[in-house]
Protein chains: 2
Amino acid sequence: MDAERTWSIAELADEFGVTLRTIRFYEEQGLLTPARNGTRRIFADGDRVRLGLVLRGKRLGFPLDEIKKIIGMYDAEPGETGQLRYLLDQIEDRRKELEQRRRDIDAALSELDELERRCRADLNRLTGRA
Amino acid sequence: MDAERTWSIAELADEFGVTLRTIRFYEEQGLLTPARNGTRRIFADGDRVRLGLVLRGKRLGFPLDEIKKIIGMYDAEPGETGQLRYLLDQIEDRRKELEQRRRDIDAALSELDELERRCRADLNRLTGRA
DNA sequence: CCACTACTTGACGTTTACGTTAACGTAAGT
DNA sequence: ACTTACGTTAACGTAAACGTCAAGTAGTGG
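The structure presented is a predicted model; accordingly, all values stated were derived computationally and were not measured.

Within chain A, the secondary structure is distributed over 5 helices and 2 strands. The N-to-C order of helical and strand elements in chain A reads α-α-β-β-α-α-α. For chain A, whose C-alpha radius of gyration is 23 Å, the value lies well above the compact-globule estimate of 14 Å for 130 residues. C-alpha atoms of chain A, sized along the principal axes, occupy 80 × 35 × 30 Å. The burial tally for chain A puts 33% of its 130 residues in the buried class. Taking all contacts inside chain A whose residues are at least 6 apart in sequence as the whole, residues at least 24 apart take part in 45%.

Given below as structure tokens:
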């Protein structure tokens, strides 16, 4: 069983919950390189995997051009140590960014709590003696 | 002591760590309404307070037009119960968004951990038997 | 033959919060 | 008078990741 299944653009879009435009955009950016049947895009299994990697990268907060670099590296020489080290560096960068963003969010939540307390105090003052 | 001090645009920009362009933009958007001496902007104490509120709103993740609404409400009838309730609603919305974003970030961090583990395993495999 | 559906390329639009010139005015210091 | 600092308006530019037309092609069912 060779499992040479292929997918249309709509099938992939549907499966991954993205629009056709998104997939075409990713191809335009060099993130995907589907085969063609005439003008139509034919997606093989490798293309599916790549799309999954792109979307996963997005979930992790990587920008598309960074995703492109990383995926490209894996395509070229999967598992070469220099590339693994590069990827580890990128992971470290991303982790720091994410942790900073989480700190920012926590600070904002604290400020929100404080603001809410004051609002409720005002409200009590107004309705309490109405 | 009437403390009628005023500020130039540059002084305020400096104090709050924003650019002149930012302050002019806020005025353009109706977030600030400084007085004029001829064509030059003269900022009074109330303007300073407003700028502080705007930047605080930004730290909390509010978009500028939402900030404008909220500040406008406080200007109109500070402490009216309907407006306090509206503000409390907005706070609730923002809190939910922030908490969702924090969950997303935590999920991303977990995925990053997992990815890093695999990278390190690959790296060990490659360098271990070199 | 016609309609319908899926697909294509191309190109401009969207969003937010400013950045970046260009071209000019005004006031103080020397 | 000249320079320097500081200010002004107007208007176009930017980033990211697509959205949203428009106009055309290709294959399939009736």
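Attention now goes to the protein's contact with DNA strand D. Taken together, 18 residues sit near DNA strand D, with A:Thr19, A:Tyr26, B:Ala10, B:Arg24 and B:Arg41 positioned nearest. Each atom of DNA strand D within 4 Å of the protein belongs either to a base or to sugar and phosphate, the latter forming 66%. A:Arg21 is positioned with one of its side-chain polar atoms (N or O) 3.1 Å from a base oxygen of DNA strand D. Residue B:Arg40 places a side-chain N or O atom 3.5 Å away from a base oxygen belonging to DNA strand D. Sorting elements by how many residues they give to the surface near DNA strand D places helix H2 (residues 20–28) of chain A first, with 4 residues. Per-class residue counts for the surface near DNA strand D are 6 nonpolar, 4 polar and 8 charged.

We now examine the environment of A:Arg36. Residues and elements named next belong to chain A. Take Arg-36: it is sitting in strand S1 (residues 35–37). Residue Arg-36 is classed as partly exposed on the basis of its relative accessible area, which comes to 42%. Apart from residues no more than four positions distant in its own chain, Arg-36 is found in contact with Glu-27, Arg-41 and Ile-42. A polar contact is formed between the side chain of Arg-36 and the backbone oxygen of Thr-39, at a distance of 2.7 Å.

Glancing now at the protein's contact with DNA strand C. With respect to spatial proximity, 18 residues lie near DNA strand C, and among them A:Arg24, A:Arg41, B:Thr19, B:Tyr26 and B:Arg40 are the closest. In the interface set of DNA strand C, defined as its atoms within 4 Å of the protein, sugar plus phosphate atoms amount to 62%. The separation between a phosphate oxygen of DNA strand C and a polar side-chain atom of A:Arg41 is 2.5 Å. Within the side chain of B:Lys58, one N or O atom sits 3.0 Å away from a phosphate oxygen of DNA strand C. The set of elements that each furnish at least two residues to the surface near DNA strand C consists of helix H1 (9–16), H2 and strand S2 (40–42) of chain A together with helix H2 (20–28) of chain B. Element by element, the count of residues in the surface near DNA strand C is highest for H2(B), at 4 residues. Counted by class, the surface near DNA strand C contains 6 nonpolar, 4 polar and 8 charged residues.

Our next topic: the relation of the copies chain B and chain A. To go from the first copy of the chain to the second, apply a rotation about an axis and then a shift along the same axis. Note on the copies: chain B fits chain A at an RMSD of 0.1 Å, the axial shift is 0.0 Å, and the rotation between them is 180°. Here the transformation between the copies is reduced to the relation of a two-fold axis. Among all residues of chain B, the minimum C-alpha distance to the rotation axis is found for B:Arg102, at 3.0 Å. Both copies share a contact surface, since 100% of the interface residues of chain B are interface residues in chain A too.

What counts and how
Residues numbered from 1 in each chain as written. Chains lettered and ligands numbered in written order. Predicted model: local features only at pLDDT ≥ 70, side-chain atom pairs only at ≥ 80, totals over all residues. Heavy atoms only, no water. Helix = DSSP H or I, 4+ residues; strand = E, 2+ residues; numbered from the N terminus. Rg over C-alpha atoms; globule rule 2.2 N^0.38 Å. Buried < 20%, exposed > 50% of the residue type's maximum accessible area, 1.4 Å probe, protein only. Contact = heavy atoms within 4.5 Å. Near = heavy atom within 4 Å. Polar contact = N/O pair within 3.5 Å; in protein donor to acceptor, adjacent residues only side chain to side chain. Nonpolar A, V, L, I, M, F, W, Y, C, P; charged D, E, K, R; others polar. Least-squares fit on C-alpha atoms with pLDDT ≥ 70 in both.

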